[in-house]
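Chain by chain, the residues:
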Amino acid sequence: MNTPDTDTKLRGPAVWALILTGVASFMAALDNLVVTTALPAIREDLGGKLEDLEWTVNAYTLTFAVLLMFGAALGDRFGRRRLFIVGLAIFTGASAAAALSPGIDALIAARAVQGVGAAIMMPLTLTLLTAAVPAARRGMALGIYGAVTGLAVASGPLIGGSLTEHISWQWIFWLNVPIGLALIPLARLRLAESTAPDARLDVPGTLLISGGLFGIVYALVNANSDGWTSATVLTGLIVGAALVGGFIHHGFNNANPMLPMRLFRDRGFLGINLASLLMFLGMFGSIFLLSQFLQGVAGYSPTEAGLRMLPWTGMPMLVAPLAGILSDRIGGRPVVAAGLAFQALGLGWFAAILSADVSYAAQLPPLILSGIGMALYFAPAANVLMSTVAPADQGKASGTNNALREVGGALGVAVLASVFSAQGGYESPQAFTDGTIPALWIGAGAVALAAALALLVPRKAKADRTAADRTPADRTVAVPEKVPAAG
């Protein structure tokens, strides 16, 4: 049993873990959205069509998504702190390459490498934090972690817009470089190493899911330019779906798969992951279009557009910590489901009132409602997820959830942009509005379905097991700094 003195000593490592993982997750989450308000400037400077703008966003989210589970497995096997530092280094270097890109193709390539670094780094943040924080305080810590993620979502459009307008769009990437260089030595000194017992790499599973998701997203992005019945689009959809099916079969039948499909037999794990995918599909696809609407149709500057997105994207800064505490008291299910419902209502409201001359006063209520919904979702979702699996599976659970979020984001941009280009375009403000409205309705429907799926989560999450309750195998998951790392 811990003495009060021991409890005090545990606070330092937990605080450092929260700071370092929070800042790293902030950078990775920021790069999902920081590009959105810079898209018009990038298009003007480097050229490119709608498909190129989609890939500027999706090259990051797609590589992020398909390699997340492999990144988590690398951390489980070779040490989460060690691989966290490797991911940070790759992400930082690719950020510099993106800033130096001479053309749109080079930018897309650099964004893809950024995604590789984030895929190694991001799933390990949640696992390292969970291992460092006592179970009794985990809800609060994950609430703060969720608020930091929400802050990245909030500040992404604003930071991207401000840097684009007042310096240049390249600085949305240069910003990561000094932060990454500072985090690398601090992570080595302040984070405890941790591993998972008997961790194995699943190369066949990684290849199956990577090829499958790339084929599907490639087909969706190019469907309107090439035609839905073109050979490239049909091949991407059919082969991609077959590879994803092969990945699912592999997860059921392989002895040590990257993603054990047995985890989805827990309805809480199934519900929160499907809800996360659909939430990000609706949210990211909508932000991709609305950030351009505010500049191209409403006539705001990049900074002004970012500021006007804050009632939506900024609300997690205020509400997410409270949502984490609330979920500890009443359970995660009602908080998550209510948040998703509010987000869906907000997007539907936006679609109902949108027009080429809509006032900002009319946009404000749905922006606020969507922001409250996003905030209520973010913090409890992380805690609910980690409560559905055993400690030895936390790395895979974190990688799975983050991967499905990014898959949702990539699919959201691809699907909603496909609807947009089929119904409208960049030719005029009215054409842009005509394309955006049906896309927003699709986004609202996806998030509404997510709210229904969140009800699959049990009323009360499974209680976290304390260290004393864990098996010897479980206890090797978190290795204190003063104890040699297992393996």
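Note: the structure precedes this text.
Below, the structure is looked at part by part. This one's a predicted model, so the numbers in the text were calculated from it and none came from an experiment. For every chain, the first residue of its written sequence is number 1, and the numbers climb from 1 along that sequence. Totals for whole chains, interfaces and linings use all residues, but because this is a predicted model, local features are given only for residues with pLDDT of at least 70 and pairs of side-chain atoms are given and counted only at 80 or more. In computing side-chain properties, one takes all heavy atoms of the structure into account and sets aside hydrogens as well as water.

**A closer look at the environment of tryptophan 228**
Keep this limit in mind: Starting at the N terminus, helices and strands are each numbered in turn, a helix being any DSSP run of H or I of at least four residues and a strand any DSSP run of E of at least two. Each residue gets one of three labels from its accessible area relative to the maximum for its type: buried under 20%, exposed over 50%, partly exposed in between, using a 1.4 Å probe on protein chains only. In this description, contact between two residues means that some pair of their heavy atoms is separated by no more than 4.5 Å.
In this structure, tryptophan 228 sits in the loop between helix H9 (203–226) and helix H10 (231–253). Residue class for tryptophan 228 comes out partly exposed when judged on its relative accessible area of 42%. Among residues more than four places away in sequence, those in contact with tryptophan 228 are Leu220, Ala223, Val233, Leu234, Leu237 and Ser418.

**Describing the packing of helix H4 (residues 80–99) against helix H5 (residues 104–132)**
So the rule is basically this: Axis definition: a line fitted to C-alpha atoms, limited for helices to the stretch in contact. Angles are taken between N-to-C directions and run from 0 to 180 degrees. The labels follow the angle: roughly parallel below 35 degrees, roughly antiparallel above 145, roughly perpendicular from 65 to 115, and oblique for the rest. Crossing chirality is assigned from the near helix's rotation relative to the far helix, an anticlockwise turn below a right angle marking it left-handed and a clockwise turn marking it right-handed. Polar here means any residue other than Ala, Val, Leu, Ile, Met, Phe, Trp, Tyr, Cys and Pro, which are nonpolar, and Asp, Glu, Lys and Arg, which are charged; Gly is therefore polar.
Axis separation between H4 and H5 bottoms out at 8 Å; the angle between their running directions is 155°. As far as their axial angle goes, H5 and H4 are roughly antiparallel. Remark: the crossing between H4 and H5 carries left-handed chirality. Note on element contacts: H5 touches H4 through Leu107, Ala110, Val113, Gln114, Gly117, Ala118, Ile120, Met121, Leu124, Thr125, Thr127 and Leu128, opposite Arg80, Arg81, Leu83, Phe84, Gly87, Leu88, Ile90, Phe91, Ala94, Ser95, Ala97 and Ala98. The class makeup of the residues in the contact of H4 with H5 is 16 nonpolar, six polar and two charged.

**Examining the packing of aromatic side chains**
Heads up, the rule is: Any pair of Phe, Tyr and Trp rings, taking the six-membered ring for Trp, is counted once the centres come within 6.5 Å. Such a pair is stacked with planes under 30 degrees apart, edge-to-face with planes over 60 apart, and tilted for the rest.
Across all of its chains, the model carries eight aromatic pairs by this definition. Pairing tyrosine 60 with phenylalanine 64 gives two aromatic rings, centres 5.5 Å apart and planes at 70°, and the pair type is edge-to-face. Within this pair, tyrosine 60 and its partner phenylalanine 64 are both found in helix H3 (residues 50–78), separated by four residues, close to a single helical turn. The burial state of tyrosine 60 is the same as that of phenylalanine 64; both residues are buried.

**Structural notes on the environment of leucine 281**
Within the secondary structure, leucine 281 is located in helix H11 (residues 267–296). Between the C-alpha atoms of leucine 281 and glycine 408, which are 127 residues apart in sequence, the distance is 4.2 Å. Those residues in contact with leucine 281 that sit more than four places away from it in its chain are Gly408, Gly409, Leu411, Gly412, Leu416 and Ala446.

**Examining the nonpolar core**
Generally speaking, a soluble globular protein has its nonpolar side chains buried in company with each other. This is how it is decided: Nine residue types can take part in a nonpolar core, namely buried Ala, Val, Leu, Ile, Met, Phe, Trp, Tyr and Cys, and a core is a set of them joined through side-chain atoms within 4.5 Å.
Ranked by internal contacts, the top residues of the largest apolar core, which has 134 residues, are Phe84, Phe288, Trp312 and Leu340. In this view, tryptophan 312 contacts Met283, Ser286, Ile287, Leu290, Gln343, Leu347, Leu367, Ser370, Gly371 and Met374; residues no more than four positions away in its chain are not counted. Core analysis: the next-biggest nonpolar cluster, separate from the first, contains six residues, Met315, Val319, Ala323 and Ala375 among them.

**Regarding empty space enclosed by the protein**
Any empty space left between atoms is shown by rolling a water-sized probe over those atoms. Operational definition: A 1.4 Å probe that fits but cannot get out identifies a cavity on a 1 Å grid over protein atoms alone, an open set with protein on both sides within 12 Å along at least five of seven lines counts as a pocket, and a residue lines either if it has an atom within 4 Å of a point. Grid points are joined across faces, edges and corners, and a volume is the space filled by probe spheres set on the points.
Using the criterion set out here, one finds two cavities of 30 Å³ or more in the structure. As a volume, the largest cavity reaches approximately 230 Å³. Surrounding the largest cavity, 20 residues form its lining, Met122, Thr149, Phe280, Asn402 and Arg405 being those nearest its centre. Counting residues per element, the ones that place at least two in the lining of the largest cavity are helix H1 (4–33), H5, helix H6 (138–166), H11, helix H15 (360–387) and helix H16 (394–423). Here the residues of the lining of the largest cavity are counted per class, giving 13 nonpolar, five polar and two charged.

**Points about a nonpolar patch on the surface**
Here is the rule: Only residues above 30% relative accessible area that lack a salt bridge enter a patch, with like-charged residues linked at up to 9 Å and the nonpolar side chains Val, Leu, Ile, Met, Phe, Trp and Tyr linked at up to 5 Å. Using a 1.4 Å probe, the Shrake-Rupley method yields the accessible areas, and only the shown protein chains count as cover for residues. Take a side-chain nitrogen of Lys or Arg and a carboxyl oxygen of Asp or Glu: if they are within 4 Å of each other, that pair is a salt bridge.
Residues Met140, Ile144, Leu322 and Ile325 make up a contiguous nonpolar surface patch of about 360 Å² in total accessible area. Residue assignment for the nonpolar patch shows that the elements contributing at least two residues are H6 and helix H13 (316–330). In this fold, isoleucine 144 is placed in helix H6. A residue is classified by how much of its surface remains accessible, and isoleucine 144, at 36% relative accessible area, is partly exposed.

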